[in-house]
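A closer look at the structure
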Amino acid sequence: MAGRNLPMREAIRKALMEEMHRDEDVFVMGEEVAYWQGTHRVTRGFLEEFGERRVRDTPISEMAIGGVAVGAAMAGLRPVAEFMTINFAFLALDAIVNHGGKVRYFFDGMFKVPLVFRAASGWGNQATASHSHTPEPIFAHFPGVFVGAPSNSMDAYGMLKASIRDDNPVLFTESIALYPKPGPMPDEDDTDFLIPIGKGDIKREGADVTIVSYARGIDWSLAAAKKLEKEGVSVEVVDLRWLRPLDMDLVYESFKKTNRCVIVEESLPMYSFGSEIAALLQENMFDYMDAPIKRVSAEDVPLPYSKDIELLALPNADKVVNAVKEIL
């Protein structure tokens, strides 16, 4: 049963605080997470609640944050390391991919790496090209690292709790545009509400076309579905929630019903999430395919600063509507 509505920022904060109360091995670390209470205010009040031992401000070095988090996890703790934005996670790629993602494999399970890297993600708000990325597919490329990208408050809450309790490294990305958006939550006393890693969801049922997306793309997809409904088009919206592992069985079952698919992503079009979904559908569902698979993504350019041009470079509901109409 759903409880009160919370912005996604507060849902993430609630999940993290509950898990820190539940397990003393969980601690948070990152730039400005303690005294500044987090750049995006997710760790507001954590220093007062848990003290300096479990809420650790770090130097401005993402490689150090990543390396310390991996080491702490190997030593038996459960770190939740925050990257101010996902752009800075590129500086920690070696720690995330080469160490966090491979240690358990290297040592045949002798070591576990139970850690979560939290990172604010997404384009827009005139943050310019160096601070505007949605690169989850890059991280999902590497085996050994799970990648989550929630689209609403309840999913963010249940997915983060599952990530913290898991014994593998998780990159947990949070769309900056969705932070203030309120959404339903589980009942207040349901502190064990978990969304299993690798489990997607049908956000809207339909019969004519399947839209597959994640994170902010779900908002554009649902808005497009409402517009198309007025024209008699029934759209099913599949929220994968996790880019690794992918819940392709959910996509296949929807595609068998609709025989058409549009893939919506906020990230770039080349070597992308959309490419992967389209390839898997072509390989495994060819007999059900009644039209080419269409993709809607950001334009293949560094994001411009100018607000009007920036919006032109991003996906939106109208672009999704046009893609659906092309394959009907």
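Everything below is about the structure shown above.
Residues numbered from 1 in each chain as written. Predicted model: local features only at pLDDT ≥ 70, side-chain atom pairs only at ≥ 80, totals over all residues. Heavy atoms only, no water.

What to know about the sheet that holds strand 7 (residues 170-175)
One open sheet holds the seven strands; their spatial order is 3-2-4-5-7-6-12, and the pairing between them is mixed. Among the strands making up the open sheet, the edge pair consists of strand 3 (55-57) and strand 12 (242-244). Strand-to-strand twist in this sheet, taken as the mean axis angle between neighbours without regard to direction, amounts to 20°. Examined bridge by bridge, strand 2 (residues 26-30) and strand 4 (residues 78-83) share five bridges and lie parallel to one another. Across the sheet, the residue bridging to Gly30 is Glu82, located in strand 4. (Pairing = 2+ DSSP bridges. Helix = DSSP H or I, 4+ residues; strand = E, 2+ residues; numbered from the N terminus. Axes fitted to C-alpha atoms, helices over the stretch in contact; angles between N-to-C directions.)

Description of the packing of helix 3 (residues 62-74) against helix 4 (residues 93-100)
Two quantities define a packed helix pair, namely the angle between the helix axes and the distance between the axes. At their nearest, the axes of helix 3 and helix 4 sit 7 Å apart, and the two run at 25° to each other. Considered as vectors, helix 3 and helix 4 are oriented roughly parallel to each other. Touching Met63, Gly66, Gly67 and Val70 of helix 3 are Asp94, Ala95, His99 and Gly100, all from helix 4. Grouping the amino acids of the contact of helix 3 with helix 4 by side-chain chemistry returns three nonpolar, four polar and one charged. (Parallel < 35°, antiparallel > 145°, perpendicular 65-115°, else oblique. Contact = heavy atoms within 4.5 Å. Nonpolar A, V, L, I, M, F, W, Y, C, P; charged D, E, K, R; others polar.)

Thoughts on the sheet that holds strand 9 (residues 201-204)
One open sheet holds the five strands; their spatial order is 9-11-10-13-14, and the pairing between them is mixed. Of all strands in the sheet, those bounded by a partner on one side alone are strand 9 and strand 14 (294-296). When the angles between neighbouring strand axes are averaged without regard to direction, this sheet yields 25°. Where strand 10 (residues 209-213) meets strand 13 (residues 261-264), three bridges bridge the pair, whose relative direction is parallel. If you follow Thr210 over to strand 13, its bridge partner there is Cys261. The strands touched by helix 8 (residues 217-229) within the sheet are strand 9, strand 10, strand 11 (235-239) and strand 13, with strand 11 carrying the most contacts at an inclination of about 170°. Lying on the sheet, helix 10 (residues 273-284) is in contact with strand 10, strand 13 and strand 14; it crosses strand 13 at an angle near 155°.

Here we look at the pattern of salt bridges
Side chains that carry opposite charge are capable of pairing whenever their charged atoms lie near each other. What the rule picks out here adds up to 29 salt bridges. The partner of Lys14 in a salt bridge is Glu188, with the nearest N and O atoms 3.1 Å apart. Placement of Lys14 in helix 1 (residues 8-22) and of Glu188 in the loop between strand 8 (182-186) and strand 9 is noted, with a sequence separation of 174 residues between them. On the basis of relative accessibility, which here comes to 47%, the residue Glu188 falls in the partly exposed class. When the shortest N-O distance is used, the salt bridge between Glu310 and Lys307 registers 3.4 Å. A residue pair is termed a helical-turn pair when its members lie 3 or 4 positions apart in one helix, as Glu310 and Lys307 do in helix 11 (residues 307-313) at three residues. On the basis of relative accessible area, Glu310 is assigned to the buried category, the value being 0%. Judged by relative accessible area, Lys307 falls into the partly exposed class, the value being 32%. (Salt bridge = Lys/Arg side-chain N within 4 Å of Asp/Glu carboxyl O. Buried < 20%, exposed > 50% of the residue type's maximum accessible area, 1.4 Å probe, protein only.)

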